Amino acid sequence: MRYSALSLALNALTGQRRWRPAWRDAAPRERYDVVIVGGGGHALATAYYLAKNHGITDVAILERSWIGSGNAGRNTTIIRSNYLLPGNEPFYEWSMKLWEGLEQDLNYNAMISQRGVLNLYHSDAQRDAFARRGNAMRLHGADAELLDCEQVRAYAPCLAFEDARFPIHGGLLQRRGGTARHDAVVWGYARAADRRGVDIVQNCEVTGIRVEGGRAVGVETTRGGIRAGKVALAVAGSSSRVAAMAGLRLPVESHVLQAFVSEGIKPLVDHVITFGAGHFYISQSDKGGLVFGGDIDGYNSYAQRGNLPVVEDVCESAMAVMPIVGRVRVLRSWGGLMDMSMDGSPIIDRTPVDGLYLNAGWCYGGFKATPASGWCFAHLIASENPHPHATAYRLDRFATGHLIDERGMGAQPNMH
Ligand SMILES: Cc1cc2nc3c(=O)[nH]c(=O)nc-3n(C[C@H](O)[C@H](O)[C@H](O)COP(=O)(O)OP(=O)(O)OC[C@H]3O[C@@H](n4cnc5c(N)ncnc54)[C@H](O)[C@@H]3O)c2cc1C
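Residues numbered from 1 in each chain as written. Predicted model: local features only at pLDDT ≥ 70, side-chain atom pairs only at ≥ 80, totals over all residues. Heavy atoms only, no water.

Right, let's talk about the nonpolar core for a bit. Grouped together as the largest cluster of nonpolar side chains are 51 residues, with contacts concentrated most on I36, L44, I61, F91, W99, Y189 and I348. Secondary structure elements with two or more residues in this core: β1 (31-37), α2 (41-54), β2 (59-62), α3 (89-106), α6 (182-195) and α9 (370-383). Beyond its immediate sequence surroundings of up to four residues, Y189 is in contact with L44, A45, Y48, Y49, L102, L106, T370 and P371. Among the nonpolar cores identified, the runner-up in size contains 29 residues, and V201, I226, L248 and L395 belong to it. (Core = buried A, V, L, I, M, F, W, Y, C linked by side-chain atoms within 4.5 Å. Buried < 20%, exposed > 50% of the residue type's maximum accessible area, 1.4 Å probe, protein only. Helix = DSSP H or I, 4+ residues; strand = E, 2+ residues; numbered from the N terminus. Contact = heavy atoms within 4.5 Å.)

Relative orientation of the contacting elements α3 and α9 amounts to 105 degrees, with a least axis distance of 7 Å. Classed by the angle they form, the pair α3 and α9 counts as roughly perpendicular. On α9, the residues that touch F91, W94, S95, L98 and W99 of α3 are T370, P371, A372, S373, W375 and C376. (Axes fitted to C-alpha atoms, helices over the stretch in contact; angles between N-to-C directions. Parallel < 35°, antiparallel > 145°, perpendicular 65-115°, else oblique.)

Positionally, T221 belongs in strand β10 (residues 215-221). For T221, a relative accessible area of 9% gives the class buried. Of note is the side chain of T221, whose polar atom sits 2.7 Å from the backbone oxygen of G224. For T221, the residues in contact, after removing those within four places along its chain, are L62, C204, E205, V206, T207 and I226. (Polar contact = N/O pair within 3.5 Å; in protein donor to acceptor, adjacent residues only side chain to side chain.)

With that out of the way, let us pick up the site of the ligand. In the vicinity of the ligand, 39 residues are found, and the nearest of them are E63, N71, A72, T76 and K368. Between the ligand and H42, the relevant distance is 3.2 Å, taken from an oxygen atom to a main-chain nitrogen or oxygen of the residue. Protein chains bury 97% of the 1000 Å² of accessible surface belonging to the ligand in isolation. Looking at the shell around the ligand, the elements with two or more residues in it are α2, β12 (252-264) and β16 (330-341). Among the elements that line the shell around the ligand, the one with the most residues is β12, at 3 residues. Tallied by class, residues from the shell around the ligand come to 18 nonpolar, 16 polar and 5 charged. (Near = heavy atom within 4 Å. Areas by Shrake-Rupley, 256 points an atom, 1.4 Å probe, with all protein chains shown as cover. Nonpolar A, V, L, I, M, F, W, Y, C, P; charged D, E, K, R; others polar.)

Take the packing of aromatic side chains next. Under the counting rule described, the total for this entry stands at 16 aromatic pairs. Between the aromatic rings of W99 and F367, the centroid separation amounts to 5.3 Å while the plane-to-plane angle is 45 degrees, which identifies the pairing as tilted. Of this pair, W99 sits in helix α3 while F367 sits in the loop between β18 (356-360) and α9, and the two are 268 residues apart along the sequence. Overall, the relative accessible area of 1% leaves W99 in the buried class. (Phe/Tyr/Trp six-rings, centres within 6.5 Å; stacked < 30°, edge-to-face > 60°.)

A few words now on unusual backbone geometry. The phi angle at Q16 is positive, at roughly 60 degrees, despite the residue not being glycine. One can find Q16 in the loop between α1 (5-13) and β1. A residue is classified by how much of its surface remains accessible, and Q16, at 43% relative accessible area, is partly exposed.

Under the criterion given, the structure shown has 24 salt bridges. Here D105 makes a salt bridge to K52, at a shortest N to O gap of 3.1 Å. Of this pair, D105 sits in helix α3 while K52 sits in helix α2; the two residues are 53 residues apart in sequence, bridging distant segments of the chain. A cluster of three or more residues bridged by salt bridges with shared partners is formed by R24, R29, D58, D194 and D199. (Salt bridge = Lys/Arg side-chain N within 4 Å of Asp/Glu carboxyl O.)

One key point about sheets: their strands pair by backbone hydrogen bonds, in either a parallel or an antiparallel sense. An order of β5-β6-β4-β13-β14-β15-β12-β16 is seen for the 8 strands of this open sheet, with the pairing classed as mixed. Where the open sheet ends on each side, the last strands, each with one partner, are β5 (145-148) and β16. Shown here is a sheet whose adjacent strand axes are inclined to one another by a mean of 25 degrees, direction ignored. Pairing of strand β4 (residues 117-121) with strand β13 (residues 272-274) involves 3 bridges; the strand directions are parallel. (Pairing = 2+ DSSP bridges.)

Moving on: the state of the cysteines. Here the structure, examined in full by the defined rule, presents 0 disulfides. Here C158 stays free of any disulfide, with the sulfur of C149 as its closest cysteine sulfur at 13 Å. The buried category is assigned to C158, whose relative accessible area is 13%. (Disulfide = S-S within 2.5 Å.)

Shown next, in the form of structure tokens:
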């Protein structure tokens, strides 16, 4: 069923009884050409682009819970392409371009809102670093504007400009950045992949990877064994555990990242704003809740909940840059499992096991990467060659020293 103004009107007039489920709840078959482990945004986007771009439709998504139950449904929905390094910027700008056409492509309202992402700077050194980043972005075709303090005041008057503990000197603005409704991205990709024949299998945990003669030939699951021509992993915070099933040890640590949402209030924060003197960022959802977060909890964990020290740290930063939030009540908070790579950049590569492919290491920022990650991972699986925008995301770069050390993106034990 195509979604359109006409279908909305017809359903409204007939009691909303004609809607059909957006995707089938498939039962696993004995064999697929490609099995993708994980049912987050990256896995679903990979399945969709395998079918759409490469004509590979004999594909299964195997999700241990429900699709979108991991970070895809837990993130703070920010999309942007404000990266510095040549290994990263073309990839994230490609993702931005895919976001810009995504709703038409998927025929799904993902509530993409290019409301602008503003990174504040509070010192001359930080201004110089942001000027360099902005220039790098523009060289790769992205948009970037360096604002001074008065321009920031006009753009985001909700911030503290008088007697601030960390005075705002200006900001780096990407107007095309913004937010997208995370659940809708999952549902949109799921529906579009399903329409092209992909089986979406929920409540199906992968418990083992079958390797014969050095080649991955299938998986063991809680719903029986499944043979596969190729096995692809896109399990984010569970990457090290699932890769270990094939005997691999990844340069990835799992950490908890928390997020918070306040009670709904009238429009206050029109853009996405990040504090430059601490780890804090904020936006306002369409329902009116302030959505904000900060740093990882800083210890390794597979629990999807965090602890109080980071709550205190995030709230302190909020009060420093935007004291007005002190009047708002926090409604809820939650945690997600982050796959932190040691240089803060992701991995989209083949593994030493033939027929086993890896998509991992997304750290703080994998949601914005969802379209490009799926596009490039599908390209790798179909062609055995890295996509030109993802050639730097090699698994062996930690051994060869070809790191993509995008400062501020990785776990603590990284290589600054
Ligand atoms: C609080 C928070 C805020 C964030 N904010 C942003 C942001 O604003 N912008 C941004 O760009 N990024 C953000 N991120 C990061 C982003 O959400 C992730 O990098 C990205 O979603 C990871 O990819 P994914 O969606 O495929 O992962 P997930 O949705 O986590 O998918 C992995 C799936 O694999 C499944 N799985 C695991 N093990 C198995 C198994 N053995 N068998 C079967 N299935 C399995 C899990 O159940 C899960 O559904 C944030 C993350 C968090 C936690």
